[in-house]
2 protein chains.
Amino acid sequence: MFASVITAYMAPAAAGSGIPEVKAYLNGVDAPGIFSLRTLVVKVVGCIAAVSSSLHVGKAGPMVHTGACIASILGQGGSRKYHLTCKWLRYFKNDRDRRDLVTCGAGAGVAAAFRAPVGGVLFALESVSSWWRSALLWRAFFTAAVVAVVLRALIDICKSGKCGLFGKGGLIMFDVTSDTVAYHLVDLPPVILLGIIGGILGSFYNFLLEKVLRIYNLINEKGTGYKLLLAATISIFTSCCLFGLPWLASCRSCPADLSEDCPSIGRSGNFKKFQCPPDQYNDLASLFFNTNDDTIRNLYSAGTDAVFQKSSILLFFVTSYFLGIMSYGLVAPSGLFVPVILTGATYGRLVGILMGKHSTLDHGLFAVLGSASLLGGSMRMTVSVCVILLELTNNLLLLPLVMLVLLISKTVADTFNANIYDLIVKLKGLPYLEAHAEPYMRQLTVSDVVTGPLQTFHGVEKVGNIVHVLKTTGHHGFPVIDEPPFSDSPVLFGLILRAHLLVLLKKKEFLHTCALSSFDASKPFSADDFAKRGSGKHDSIDDIELTVEEMEMYIDLHPFTNTSPYTVVETMSLAKALILFREVGLRHLLVVPKSSSRAPVVGILTRHDFMPEHILGLHPFLLKSRWKRLRFGKSTIIKFFSSLC
Amino acid sequence: MFASVITAYMAPAAAGSGIPEVKAYLNGVDAPGIFSLRTLVVKVVGCIAAVSSSLHVGKAGPMVHTGACIASILGQGGSRKYHLTCKWLRYFKNDRDRRDLVTCGAGAGVAAAFRAPVGGVLFALESVSSWWRSALLWRAFFTAAVVAVVLRALIDICKSGKCGLFGKGGLIMFDVTSDTVAYHLVDLPPVILLGIIGGILGSFYNFLLEKVLRIYNLINEKGTGYKLLLAATISIFTSCCLFGLPWLASCRSCPADLSEDCPSIGRSGNFKKFQCPPDQYNDLASLFFNTNDDTIRNLYSAGTDAVFQKSSILLFFVTSYFLGIMSYGLVAPSGLFVPVILTGATYGRLVGILMGKHSTLDHGLFAVLGSASLLGGSMRMTVSVCVILLELTNNLLLLPLVMLVLLISKTVADTFNANIYDLIVKLKGLPYLEAHAEPYMRQLTVSDVVTGPLQTFHGVEKVGNIVHVLKTTGHHGFPVIDEPPFSDSPVLFGLILRAHLLVLLKKKEFLHTCALSSFDASKPFSADDFAKRGSGKHDSIDDIELTVEEMEMYIDLHPFTNTSPYTVVETMSLAKALILFREVGLRHLLVVPKSSSRAPVVGILTRHDFMPEHILGLHPFLLKSRWKRLRFGKSTIIKFFSSLC
């Protein structure tokens, strides 16, 4: 409840895992408030509260968001609101550097959550970032290395035991040193089966999660009270499951020659007494009454084939599967990673038990592979999940099997639906720009999607006009056109940004006549004036007060215009324009006419013009064309082959 | 000699490691013959010959090239020359798919060479590829997984011992299971020192290698005889070192309680007898008379601090360092990876011995870190080297230390020179396109670098004109311009490729008058006619025989023209044009005029126009400008900080 209350009232942007938001940000979508200091605090506190309440949520996603938040706040040069600024950090006042920082931060989050530095780097590369440069790889690696060294140093310092649980499995580290993992060709069929079913389960997980999120969204829209009520209901339901279900399991007698207590009562211990007589333990209670990390470690442990009963594992699997789906959409920081890993481990154990004597593989290994299959099926990450699992289990000999399972489950799941983060991004309505062009875009030209009246400015423009346009439109970029007497014929001079116009209006260095400014017009400004503001901080045109005389004056826009905007000819294929827009990472793309007799600019393309919804809204017939059918139909075989090669 | 002879006479493209060529290919530079079947065969056979001759060369680089070759040949749909074609493979008859395949192949090569699947994927990503998509990551991962599973299966099959040395360390796999690697904060200073010196040694390695390659190039240019003579000289010199130097080392008595023979004679065994009396061994001979893989394994082994003497290690280090540099430029397939790893391991051991009691770290661990530092210093790869080393040693606990060493050595080395592959690419004169724009490019516009007369075609062009232009120029793309009567004013219609013009000329479907073709002109052609040919296979204009009447006829180019070429305005900043060119992966970029009164195309930019040498040749004053000084000067501090952040 505490987590839900602070999230709902203080920072709604902190709800959920945050990975979809980070992913969208790195794609170029600035959702409001996702990287503010307030979100950061709520995320950290709320995540601790939510996880410790035994809600079936993870901490990896929130840690990724936390890392990205810290990176973004550093990149903004600290928080000006709280007077925490640093001069050195001002170098990051542009989009690209800030995006790089956020990528590194996200990678550091995973590296810290799983103590998996390489996995963190790969995660940032594979699932979060949209653009990637070689230099970024090395910077993300540096960040992850610092995380690894700091963690190591803290653990070293805490060896004395003064830090409580820190470094003792409080962070996940499944030292599953089952020294010799033996597997042979005959073990492949069960593993392949595990991958196939895991893929189906994973895509079904995504399917259910999307439906549940839709229902939750309807409830949450009704008001904060409903949000909190929903959170309370799920939390109470979870507790009921936790305390109620173990009664269904029968007691088992403790195994001989154990190094730990059996049965045990209290926080730690893998053999919980619960309602059992002395010398017996309840295996289902052992699963429920440990932290998620400890449970996963138990499931991964080798040589424990006899510890769990089939019925307990099955019950725990079903509970975990559905609790994970129900807990995610609550208004509290919550990750998906750990629940999916846990559910997958149980699923793997279950398959191992069902295999019985048909397979010689250890059930702990089955659990690891089960986690991999469910992760591959729901998150569709391959390389990063593989490396994270290897770093968790610290056993590289598992590599070929884990790879195989991941590939199979991802391939199977890809035939059904998209990965979980894409589904959430779509559900949140964030305009995420895909890297590939849809086939029907090849049939269109850019002029087919240009809409709406175009607002342009003259090279020397009246203040009143600028204010009027800024007040009546929400556009962020405006073409600047030179007309006679400044040029022989109307010519595109460049593109000016709304943010820069606001800076000009604020400074009030206006001209009295419509002429090129004779002095150096850029002199009163420093580069810092035009620096990218922190996320969520915009100047507004309504804040600028201008007198009637000032409205009649002029501004020479030439020195402040980007004279090298990217342009495409109106007959350019939409697919190729999308590739340009996406690969170069643009926000505005000017469309120029083919023949020279018309106005020098035909339109301006932004991210929204490339969204399939927008294009299909303008050209509904495309929905029925054969391209469309090929793409969205159930032609899973084609997809399968194209994803293979 | 055998390796040199087949390389020199059959496939000169197979010389060297092949990684620079693959890297350049993925950047868009098709060097002749690098992916032919002949190169593949020579590479495989020559590599086996060169490595088994005890020449100080590695096999990882050639294996990368081999993997890329196989991928490229598959992508071409087999070899048509040898009638090995496959219909299904024709889907890859375009640049992008073939590039993706080659990337996967290169990754598979590393995966096979080091049995490091994740390392292979990362290697392909970090050091080979220029463009990277998320889908490619997953395909490379799939390839690596197949490699891992096949390797595993072969080893399983070969357990019986029928396959000779296969699977028994013939491939590198340093099962260095020193189960508990303990290290603490106090061990950091020696490790940091190791990294710094490793970085200096690595960049010095690059420096020397470049000088040696320059000298070798001068010798090799004199003729094939000189090439073979050089190879023979170095080979004999290597043998002299191998057999001569161990005499300098003193004999040591065998350690007690060994599981293996001591002293041993022959191929295997870590304690060579050489000239020693019974019960003694020569440690320098043990280093020299093993395969490189076995030597590395010995150096990495834990608990062997007392096995090697300081003088032997020092001697072996110096020999290995210089032999590695001298052996690379020979006309034979030769890799750099293994020599650098070996030299680095020796260097690490040396530091460990010199540290003496100041460090509690195992000398085997020092060897691993030494390899990392030298790899980081010469190849400048971080993530991939880290993962490859971890997969080799199968010990993830080393991760933070390896990361730290790599970062330090790369940072130190980056202040001195570029990485080894970039140096070789530059030395070979391949026009490699960097991802970033040089600062002085911001001062130029694209019109500043457009040179030479522009060749254009009309929408309906005379055959004779086309033949004349194709014969007199070497351009690969030509703008097609529509003029009255086909349009109101001269208008850019698109871009046509030389290869496509040749296809049109071959088919001889000409028009008798200068008019738009009334029938569907593209009908006689299938998509396959215009498919990308295999590398090295070009049609030539000289092969096409045309009669005088045919020369007077016309071709309607409209159906065969790319109507959506990317264009930039002539006032566009060169830096921004480079970003467009590089990010979208273009071969031709059309420059259009700003004002409409001029011809519709001003020029055409290709890769060569963006080369710094070309630009600085046109604008020599830039060399002296302050931008230039900042960039190329010895301002190592600035570079250091900018590489940190």
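None of the values given here were measured: they were computed from a predicted structure. (Residues numbered from 1 in each chain as written. Chains lettered and ligands numbered in written order. Predicted model: local features only at pLDDT ≥ 70, side-chain atom pairs only at ≥ 80, totals over all residues. Heavy atoms only, no water.)

1. Details of helix H18 (residues 463-472) of chain A
Residues of H18(A) that are buried include every one of A:Val463, A:Gly464, A:Ile466, A:Val467, A:Val469 and A:Leu470, and no others. Each element contacted by the buried residues of H18(A) is listed here: strand S5 (457-458), strand S6 (460-462), strand S7 (477-482), helix H19 (498-507), helix H20 (548-551) and strand S9 (554-556) of chain A. (Buried < 20%, exposed > 50% of the residue type's maximum accessible area, 1.4 Å probe, protein only. Helix = DSSP H or I, 4+ residues; strand = E, 2+ residues; numbered from the N terminus. Contact = heavy atoms within 4.5 Å.)

2. Side note on the packing of helix H6 (residues 117-128) of chain B against helix H15 (residues 383-393) of chain B
The relative placement of two packed helices is expressed as an angle between their axes plus a distance between the axes. Residue and element names in this part refer to chain B. Two numbers describe how H6 lies on H15: the axes approach to 8 Å, and their chain directions differ by 165°. Overall, the two elements H6 and H15 adopt an arrangement that is roughly antiparallel. In the crossing of H6 with H15, the sense of the turn from one axis to the other is left-handed. Residues Pro117, Val118, Gly119, Leu122, Phe123, Glu126 and Ser127 of H6 touch H15, and the partners they reach there are Val383, Ser384, Val387, Ile388 and Glu391. Here the residues of the contact of H6 with H15 are counted per class, giving seven nonpolar, three polar and two charged. (Axes fitted to C-alpha atoms, helices over the stretch in contact; angles between N-to-C directions. Parallel < 35°, antiparallel > 145°, perpendicular 65-115°, else oblique. Left-handed = near helix turned anticlockwise from the far one by under 90°. Nonpolar A, V, L, I, M, F, W, Y, C, P; charged D, E, K, R; others polar.)

3. Considering the state of the cysteines
Residue and element names in this part refer to chain A. In this structure the tally under the stated criterion is two disulfides over all chains. In this model Cys251 forms its disulfide with Cys276; the gap between the sulfur atoms is 2.0 Å. The sign of the -95° torsion about the S-S bond sets the Cys251-Cys276 disulfide as left-handed. With Cys251 in the loop between helix H9 (224-244) and strand S3 (252-253) and Cys276 in the loop between S3 and strand S4 (280-281), the pair connects residues that are 25 residues apart, well separated along the chain. (Disulfide = S-S within 2.5 Å.)

4. Details of the UniProt feature "transmembrane region" (unreviewed entry) in chain A
All names here are of chain A. Following the UniProt record, the feature "transmembrane region" (unreviewed entry) maps to residues 101-124, 136-155, 191-208, 228-249, 313-330, 336-354 and 396-413 here. Counting secondary structure, residues 191-208 comes out at 100% helix and 0% strand; the distance between its end C-alpha atoms is 25 Å. End C-alpha to end C-alpha, residues 336-354 measures 27 Å, and it is 95% helix and 0% strand. (UniProt positions renumbered as here; feature names shortened; annotations may be inferred.)

5. Things to note about unusual backbone geometry
With phi around 65°, A:Asp279 is a residue other than glycine that occupies positive phi space. Looking at the secondary structure, you find A:Asp279 in the loop between S3 and S4. At B:Ser54, a position not held by glycine, the phi torsion is positive, near 70°. The partly exposed category is assigned to B:Ser54, whose relative accessible area is 38%.

6. Some thoughts on the sheet that holds strand S11 (residues 589-592) of chain A
Residues and elements named next belong to chain A. One open sheet holds the three strands; their spatial order is S10-S11-S12, and the pairing between them is mixed. Two strands bound the open sheet, and with one partner strand each, they are strand S10 (567-569) and strand S12 (603-605). Within the sheet, the average angular offset between the axes of one strand and its neighbour, ignoring direction, is 35°. (Pairing = 2+ DSSP bridges.)

7. So, the sheet that holds strand S5 (residues 457-458) of chain B
All names here are of chain B. Pairing is mixed in the open sheet, where three strands are placed in the order S5-S7-S8. Where the open sheet ends on each side, the last strands, each with one partner, are S5 and strand S8 (491-497). Those strands touched by helix H19 (residues 498-507) are S5, strand S7 (477-482) and S8, and its axis lies near 80° from that of S8.

8. Some remarks on the UniProt feature "domain: CBS" (unreviewed entry) in chain A
The positions that UniProt labels "domain: CBS" (unreviewed entry) are, in the present scheme, residues 561-621 of chain A. Between the end C-alpha atoms of residues 561-621 of chain A there is a gap of 40 Å, over a span that is 30% helix and 16% strand.

9. Comments concerning the packing of aromatic side chains
For the coordinates displayed, the defined rule picks out 24 aromatic pairs over all chains. Pairing A:Tyr321 with A:Phe322 gives two aromatic rings, centres 5.3 Å apart and planes at 75°, and the pair type is edge-to-face. Through a chain of ring-to-ring contacts, the aromatic side chains of A:Tyr205, A:Phe317, A:Tyr321, A:Phe322 and A:Tyr347 assemble into a single cluster. The cationic tip of A:Lys222 hangs over the ring face of A:Tyr226; the distance from NZ or CZ to the ring centre is 5.6 Å. Seen from the ring of B:Trp138, A:Lys410 lies directly overhead, with NZ or CZ sitting 4.7 Å from the centre. (Phe/Tyr/Trp six-rings, centres within 6.5 Å; stacked < 30°, edge-to-face > 60°. Lys NZ or Arg CZ within 6 Å of the ring centre and 35° of its normal.)

10. Some remarks on the side chain of B:Thr473
All names here are of chain B. Relative to the helices and strands, Thr473 resides in the loop between helix H18 (463-472) and S7. A distance of 2.9 Å separates a polar side-chain atom of Thr473 from the backbone oxygen of Val469. When sequence neighbours within four positions are dropped, the list of residues in contact with Thr473 reads Gln455, Phe478 and Arg498. (Polar contact = N/O pair within 3.5 Å; in protein donor to acceptor, adjacent residues only side chain to side chain.)

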